[in-house]
2 protein chains.
Amino acid sequence: MTAPLRLGVAGLGTVGVGVVRIVRSQAALLSARTGRDIQIAAVSARDADKDRGVNLGSYDWESDPVALAKREDVDVFVELMGGTDGPAKDATEAAIDAGKDVVTANKAMLAIHGQALAERAEAAGRMIRFEAAVAGGIPVIKALTEGLAANEITRVMGVMNGTCNYILTRMENAGLPYDKVFQEASDLGYLEADPNLDVGGIDAGHKLALLSSIAFGTKPDFNGIELEGIHRITIDDIRQAADMGYRIKLLGVAQRTGRGLEQRMQPCLVPDTSPLGQLEGGTNMIVIEGNAVEQIVLRGPGAGEGPTASAVMGDVCDLARGFRLPTFGQPATTLMDAPSARAVLPAPYYLRMALLDKPGALAKIATILGNAGVSIDRMRQYGHSDSTAPVLFVTHKTTRAALDEALAEMEKTDVIASPPVALRIESV
Amino acid sequence: MTAPLRLGVAGLGTVGVGVVRIVRSQAALLSARTGRDIQIAAVSARDADKDRGVNLGSYDWESDPVALAKREDVDVFVELMGGTDGPAKDATEAAIDAGKDVVTANKAMLAIHGQALAERAEAAGRMIRFEAAVAGGIPVIKALTEGLAANEITRVMGVMNGTCNYILTRMENAGLPYDKVFQEASDLGYLEADPNLDVGGIDAGHKLALLSSIAFGTKPDFNGIELEGIHRITIDDIRQAADMGYRIKLLGVAQRTGRGLEQRMQPCLVPDTSPLGQLEGGTNMIVIEGNAVEQIVLRGPGAGEGPTASAVMGDVCDLARGFRLPTFGQPATTLMDAPSARAVLPAPYYLRMALLDKPGALAKIATILGNAGVSIDRMRQYGHSDSTAPVLFVTHKTTRAALDEALAEMEKTDVIASPPVALRIESV
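What counts, and at which threshold
- Residues numbered from 1 in each chain as written.
- Chains lettered and ligands numbered in written order.
- Predicted model: local features only at pLDDT ≥ 70, side-chain atom pairs only at ≥ 80, totals over all residues.
- Heavy atoms only, no water.
- Pairing = 2+ DSSP bridges.
- Helix = DSSP H or I, 4+ residues; strand = E, 2+ residues; numbered from the N terminus.
- Contact = heavy atoms within 4.5 Å.
- Axes fitted to C-alpha atoms, helices over the stretch in contact; angles between N-to-C directions.
- Buried area = accessible area lost by both parts, 1.4 Å probe.
- Nonpolar A, V, L, I, M, F, W, Y, C, P; charged D, E, K, R; others polar.
- Buried < 20%, exposed > 50% of the residue type's maximum accessible area, 1.4 Å probe, protein only.
- Parallel < 35°, antiparallel > 145°, perpendicular 65-115°, else oblique.
- Left-handed = near helix turned anticlockwise from the far one by under 90°.
- Domains from an automatic or database assignment.
- Salt bridge = Lys/Arg side-chain N within 4 Å of Asp/Glu carboxyl O.
- Polar contact = N/O pair within 3.5 Å; in protein donor to acceptor, adjacent residues only side chain to side chain.
- Least-squares fit on C-alpha atoms with pLDDT ≥ 70 in both.
- Phe/Tyr/Trp six-rings, centres within 6.5 Å; stacked < 30°, edge-to-face > 60°.

J.: An account of the sheet that holds strand S1 (residues 5–10) of chain B is needed here, citing residue identities and associated values.
T.: Residue and element names in this part refer to chain B. Across the sheet, six strands lie side by side as S3-S2-S1-S4-S5-S6; this open sheet has parallel pairing. Strands at the two margins of the open sheet, each flanked by one partner only, are strand S3 (60–62) and strand S6 (128–129). Relative to strand S2 (residues 38–44), S1 runs parallel, the two being bridged by six bridges. Within S2, the residue paired with Leu7 across the bridge is Ile40. Helix-sheet contacts for helix H4 (residues 86–97) involve strand S4 (76–79), strand S5 (101–104) and S6, and the interaxial angle to S4 is about 170 degrees.

Spelled out as structure tokens, the structure:
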């Protein structure tokens, strides 16, 4: 048997503890499957005295993750601290420079600095693996990078933030308003320290940037994502959508078009009978479409100790088996700079707005839509108790550009009580 | 760049042609992703003159697949002929002995001879990869063997034969009897040359045997599978099940219990709201449950040129990248002989039978069930036009052993017109 593979684990939150638990409890299984013993050489976390419910006594402690990353007795640096910059990035760079492979769950760091880190790692002949960074326990990075490697990927989409999906499904199932469910999610500890990472779509956007890169051979481009959170979705939107046979999901979509790489992370309407539409609670789902494979759907827990640690340890097993491949599936220096493109394919849209209770208000809006070439499939004005009237349109297929033109015109009128909410109705 | 990886492709049916198409049309993508050119050195098929709609002119032809397998200029032998024994096995053995790696879509050969072939390959330091053998384009072998390698797998289940699922969903959607839909499927070319491979559950059983081996570290044991086909399912069964909120699926289930390895491939009732229940047509779905990852669901096309060739080429890409691992995820010599165990966990059952129109017939049957300790949740006797009365029971949870005892007693009576159909109601 080959020499043991020795891990340095930085960060002992939920995922780090999960990794320790697997290494301790599954030693025989890991060694049977990989042909090597997998050991933890040392760990690092902010508070050495905290009781984490797992025995850490046998491991060396490093207060500085950079020192951990450089240790002679560490083969693989397991980065589970999180954060775009700071210690996570410093320690990852130090690990690469010291000749270690890296396994990380850090989507933010890779979405922003992934290109530079991948180039650095590949120049040093080192690997960065990040299965746990996208969709928790679902082995989607592996499916895309390896299993579907012979496909030209045509579209990747999915629900990648369990907290948002929890909020949206809970609003619908309990008939509760956004603010109340947001508070619940906060009380349950489902939200990131900065909740905007979740409900603003940023966390899901980071994940989409990584999937796009692998799928299309492009540099990770988080800033190229059309990003919109769920905080403007009301219980009325959810009910109106349900009435029409749809559910609202924070949906990520990436595809290559003639104009470049289109990446969107936005609340969308999807048919309530589709697999995406039926996804409840914190579960994630990724849909991958390729020219040969047609469509593959992967579903599983998007977070949590066990599932995320399973993904981290899957990467560790790959390293123990000696699998070597570039971070984003092809050498980082060959990844393309794809211009970011707004959605060009037309789609129907759901439009909700509050009109001031003035004669001719509705006519004004309808005229603006018509002038922009946006034709109306359905319209509904519903009961109201104050001086504004909630109005709902479903358009026929239109381009986002035409719709944006209409929305800009609406803002200039004196009949809109608040900026309209426009949600794409996605065919999935 | 490393030297090209040279394939010898044996079998130019649907899948073989798909492989040729990918190698020819995706050369740049394959080489960008794997760091090597992937080429076809030679091919073999029964009829060299047939027009397969793809340009084969540049490849050497071998009439004998064994000769192809031994060629100096072949690195990877791609076995796409099918068949448990015969040329497929001979050529696979020849390839291993000649120092080639093997990629195959042949579930029958591996389910029966997989243990011997894996031992032979591993003794020679060669690999056998078979992603395409299970669930077509879904990278499920990879997910289980690699992505979830750090999990103790607790259960694997799924719908793995698209033809059976097509037949069952078509019966329900069109309200047609089994025989008629079977004929349709035959006319559409959906059935194997020996249709019993499909509708008898054998093909799906082969796949389950391979999944079990990987999931549980046991030798592939096709003969240990409790196997039952779909040919006794009537449109009445489907309607009665639908009435109660279920769909009938040919469902494979493998799990380890205290008594050994339980493997079943049988028509079962599953809730119509579950992902398995909602699976339509030829699509496959595999559900994997692991101690860390909880539950992962994978869905995709189970057959067809593109999807199956995608899986074959995924394996080829792994080989081009230099990934090495044992056939069943751990060395074949370490795989365990697990005793095969019948289902021990109790479940409710759906029981349908035709009773002869005699006084006391129903009482006799009910008494037999009661004596065996099988209690009845629901019973329904429905309209009939001949001298037999169709009767339906749904039992409370019972063991298969108790049920079999009752079924054996029923056979001894003079009130049963034909052997009862018993279908497990699976919680999924």
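J.: Provide a residue-level description of the interface of chain A and chain B, including the pertinent values.
T.: On the side of chain B, 48 residues touch chain A, which itself brings 48 residues to the contact. Summed over both partners, the interface of chain A with chain B comes to about 3,900 Å²; 53% of that surface belongs to carbon and sulfur atoms. In terms of surface lost to chain B, no three residues of chain A exceed Arg33, Ala150 and Arg299 of chain A, which account for 17% of the buried area on that side. Top element by residues in the side of chain A that touches chain B is strand S12 (residues 294–301) of chain A. It accounts for eight residues. Residue classes in the side of chain A that touches chain B are distributed as 25 nonpolar, 14 polar and nine charged. Judged from the three bridges that link them, S12 of chain A and strand S12 (residues 294–301) of chain B form a sheet pairing that is antiparallel. Within S12 of chain B, the position partnered with Leu298 of chain A by the bridge is Leu298 of chain B.

J.: Break down helix H11 (residues 235–243) of chain B for me, with residues and values.
T.: Within H11 of chain B, burial applies to Ile235, Asp237, Ile238, Gln240 and Ala241 of chain B. A positive backbone phi angle near 90 degrees is found at Gly245 of chain B, which sits one or two residues after H11 of chain B.

J.: Can you break down the packing of helix H7 (residues 162–174) of chain A against helix H8 (residues 178–187) of chain A residue by residue, with the values?
T.: All names here are of chain A. For the pair H7 and H8, the least separation of the axes is 9 Å and the interaxial angle reads 130 degrees. It follows that H7 is oblique to H8 by the angle criterion. Of the two elements, H7 crosses H8, and the hand of that crossing is right-handed. Within the contact between the two elements, H7 uses Tyr166, Ile167, Arg170 and Met171 and H8 uses Tyr178, Val181, Phe182, Glu184 and Ala185.

J.: Requested: an account of the sheet that holds strand S2 (residues 38–44) of chain A, with residues and values cited.
T.: Residue and element names in this part refer to chain A. Ordered by their spatial adjacency, six strands build an open sheet running S3-S2-S1-S4-S5-S6, and the pairing between neighbours is parallel. Only two strands of the sheet have a single partner each, and these edge strands are strand S3 (60–62) and strand S6 (128–129). For strand S5 (residues 101–104) and S6, the ladder comprises two bridges, and the chain directions are parallel. Its bridge partner being in S6, Val103 is matched across the sheet by Arg129.

J.: Tell me about the domain arrangement of chain A, and please be specific about residues and values.
T.: Residues and elements named next belong to chain A. Here the domain parsing of chain A yields domain 1 (5–133), domain 2 (140–302) and domain 3 (349–425). Summarising the inter-unit geometry, the C-alpha centres of domain 2 and domain 3 are found 26 Å apart. Each side of the interface is counted separately: domain 2 has 15 residues, and domain 3 has 14 residues. When the two sides are added together, the surface that domain 2 and domain 3 hide from each other amounts to roughly 1,400 Å², 51% of it contributed by carbon and sulfur. Sorting the residues of domain 2 by area buried against domain 3 places Arg232, Gln240 and Met244 first, and these three jointly supply 39% of that buried surface. Here domain 2 and domain 3 share two salt bridges between them. With a closest N to O distance of 3.2 Å, Asp243 and Arg380 form a salt bridge. Scanning the region where domain 2 abuts domain 3 turns up eight residue pairs in polar contact (both at pLDDT 80 or more). Taken together, the elements giving at least two residues each to the side of domain 2 that touches domain 3 come down to helix H11 (235–243), strand S9 (246–257) and strand S10 (260–271).

J.: Explain the relation of the copies chain A and chain B residue by residue, including any values.
T.: Placing chain A over chain B gives an RMSD of 0.0 Å and needs a rotation angle of 180 degrees, together with 0.0 Å of translation along the axis. Seen this way, the second copy is the image of the first under a two-fold rotation axis. Both copies present the same face, since 100% of the interface residues in chain A are matched by interface residues at the equivalent positions in chain B.

J.: Tell me what's going on with the packing of aromatic side chains, and back it up with residues and numbers.
T.: Applying the stated criterion across every chain, the model contains seven aromatic pairs over all chains. Note on Tyr178 of chain A and Phe182 of chain A: the rings are 5.9 Å apart at their centroids and 35 degrees apart in plane angle, and the pair reads as tilted. With Tyr178 of chain A and Phe182 of chain A both in helix H8 and four residues apart, the pair spans about one turn of that helix. Summarising the aromatic geometry, the rings of Phe323 of chain A and Phe323 of chain B are spaced 4.2 Å apart at their centres and angled 0 degrees between planes, so their arrangement reads as stacked. Taken together, the residues Phe323 of chain A in the loop between helix H12 (305–320) and strand S13 (349–356) and Phe323 of chain B in the loop between helix H12 (305–320) and strand S13 (349–356) connect one chain to another. Residue Phe323 of chain A shares its accessibility class with Phe323 of chain B, and that shared class is buried.

J.: Can you break down the side chain of Arg424 of chain B residue by residue, with the values?
T.: Residue and element names in this part refer to chain B. Among the structural elements, Arg424 can be located in strand S16 (residues 416–425). Here the side chain of Arg424 touches Tyr349 through a polar contact of 3.3 Å, side chain to side chain. Apart from residues no more than four positions distant in its own chain, Arg424 is found in contact with Arg264, Pro267, Cys268, Leu269, Ala343, Leu345, Pro346, Ala347, Pro348 and Tyr349.

J.: So, the side chain of Asp203 of chain B: which residues are in play, and what are the values?
T.: Residue and element names in this part refer to chain B. Note that Asp203 resides in helix H10 (residues 202–216). Residue Asp203 is classed as buried on the basis of its relative accessible area, which comes to 7%. Among residues more than four places away in sequence, those in contact with Asp203 are Lys107, Met160, Asn161, Glu192, Leu197 and Asp198.

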